[in-house]
Amino acid sequence: MSLILLKIQRSEFYFLFAVVAIGLILRLLYLWEYSQSPFFHSPIVDANSFLKQALFIAEGNWLGRPEPFWQPPLYIYFLAFICWIFPDDYFVMIRLAQIILGLSSIWLLFHIARQYFDTKTAKFALAIYSTCGSILYFELELLAVPLEIFFNLLLLFTIIRAIRINLNISWLIVGMVSGVSVLTRPNILLFVVIFCFFLLSKRHWKQIILIILPIIACIIPVTIRNYSMETDPVLISSNGGINFFIGNSENYQEKVSISPGVHW
């Protein structure tokens, strides 16, 4: 708990408690409203893909479908675990779990903002984050966004702590959180590489090694699993290529848009 909890003044605690409470109320109200929508029990596009893979794993197929992961695997297994524990109520329980992740992100955001700015800025950031409509929307979709935000904020938090106390274990934790975050959204590797170059400029070789080793330990099992399914090497997930193609295509609007009708 000492990793997450920092000393805060009583007034800050009351403000943080109030913001989290307001955020929780808004999320529960949206959950109730969204539960009336047909899309609540019928996710589409990426959400549908995530859920189908999770349900297949929850049935006991712990390695997933006999193909490389199309999407980063951590969120799939997050969903699979909830579907396995709550086979009859997973549509609600997944959303509740993601609400908890969102509220935890509020806590992390407060400590990060207060550390690098000031308490006033941290309070302002919290007020925006806890009531932001886009955040509420994504927290109740079957998408990896809440998990990505949580682990990315946790990564920033562990980096701040490691820089401050500079213990071997603190840098190992940075590496472990980085590895887990990479399995949620591989793009974060770019940030990790840039941060390691920053450490390299300071000649902090040991810290770089302590970060890189846990990341490799997290990625290698996924890469081996993917290679065992298909010899075409896939480091984490195979959707990166098509996403890169769509995002850099001259006619990207035609490629990314969903066609009308039910055929798609």
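The structure presented is a predicted model; accordingly, all values stated were derived computationally and were not measured.

The rules behind each value
Residues numbered from 1 in each chain as written. Predicted model: local features only at pLDDT ≥ 70, side-chain atom pairs only at ≥ 80, totals over all residues. Heavy atoms only, no water. Patch = residues over 30% accessible without salt bridge, like charges linked within 9 Å, V, L, I, M, F, W, Y side chains within 5 Å. Areas by Shrake-Rupley, 256 points an atom, 1.4 Å probe, with all protein chains shown as cover. Salt bridge = Lys/Arg side-chain N within 4 Å of Asp/Glu carboxyl O. Helix = DSSP H or I, 4+ residues; strand = E, 2+ residues; numbered from the N terminus. Buried < 20%, exposed > 50% of the residue type's maximum accessible area, 1.4 Å probe, protein only. Expected span 1.5 Å × (residues − 1). Contact = heavy atoms within 4.5 Å.

Asker: What is the right way to look at a nonpolar patch on the surface in this model?
Answerer: Together, I209, I212, L213, I216, I220 and I224 line one region of the surface with nonpolar side chains, adding up to about 530 Å² of accessible area. Within the element layout of this structure, I224 appears in helix 10 (residues 205-229).

Asker: Would you mind showing me how to read the pattern of salt bridges here?
Answerer: Charged atoms that come close allow side chains of opposite charge to pair. A complete count under the given rule lists 3 salt bridges for this structure. Notably, a salt bridge pairs R114 with E12, separated by 2.7 Å at the nearest N-O pair. Of this pair, R114 sits in helix 4 (residues 90-116) while E12 sits in helix 1 (residues 10-34), placing them 102 residues apart in sequence. Residue class for E12 comes out buried when judged on its relative accessible area of 4%. A salt bridge links E148 to R185, with the shortest nitrogen-to-oxygen separation between them at 3.8 Å. Linking E148 in helix 7 (residues 145-165) with R185 in the loop between helix 8 (168-184) and helix 9 (188-201), this pair joins segments that are 37 residues apart in sequence. For R185, a relative accessible area of 41% translates into the label partly exposed.

Asker: What's the story with helix 1 in this structure? I'm lost.
Answerer: Three or four residues apart is the spacing at which side chains of an α-helix point the same way, because the helix has 3.6 residues per turn. In a regular helix each residue adds 1.5 Å, so 25 residues correspond to 36 Å; helix 1 covers 36 Å between its end C-alpha atoms and thus fits that length. When we look at burial in helix 1, the residues that qualify are E12, L16, V19, G23, R27, Y30, L31 and Y34. Each element contacted by the buried residues of helix 1 is listed here: helix 4, helix 5 (119-131) and helix 6 (133-139).

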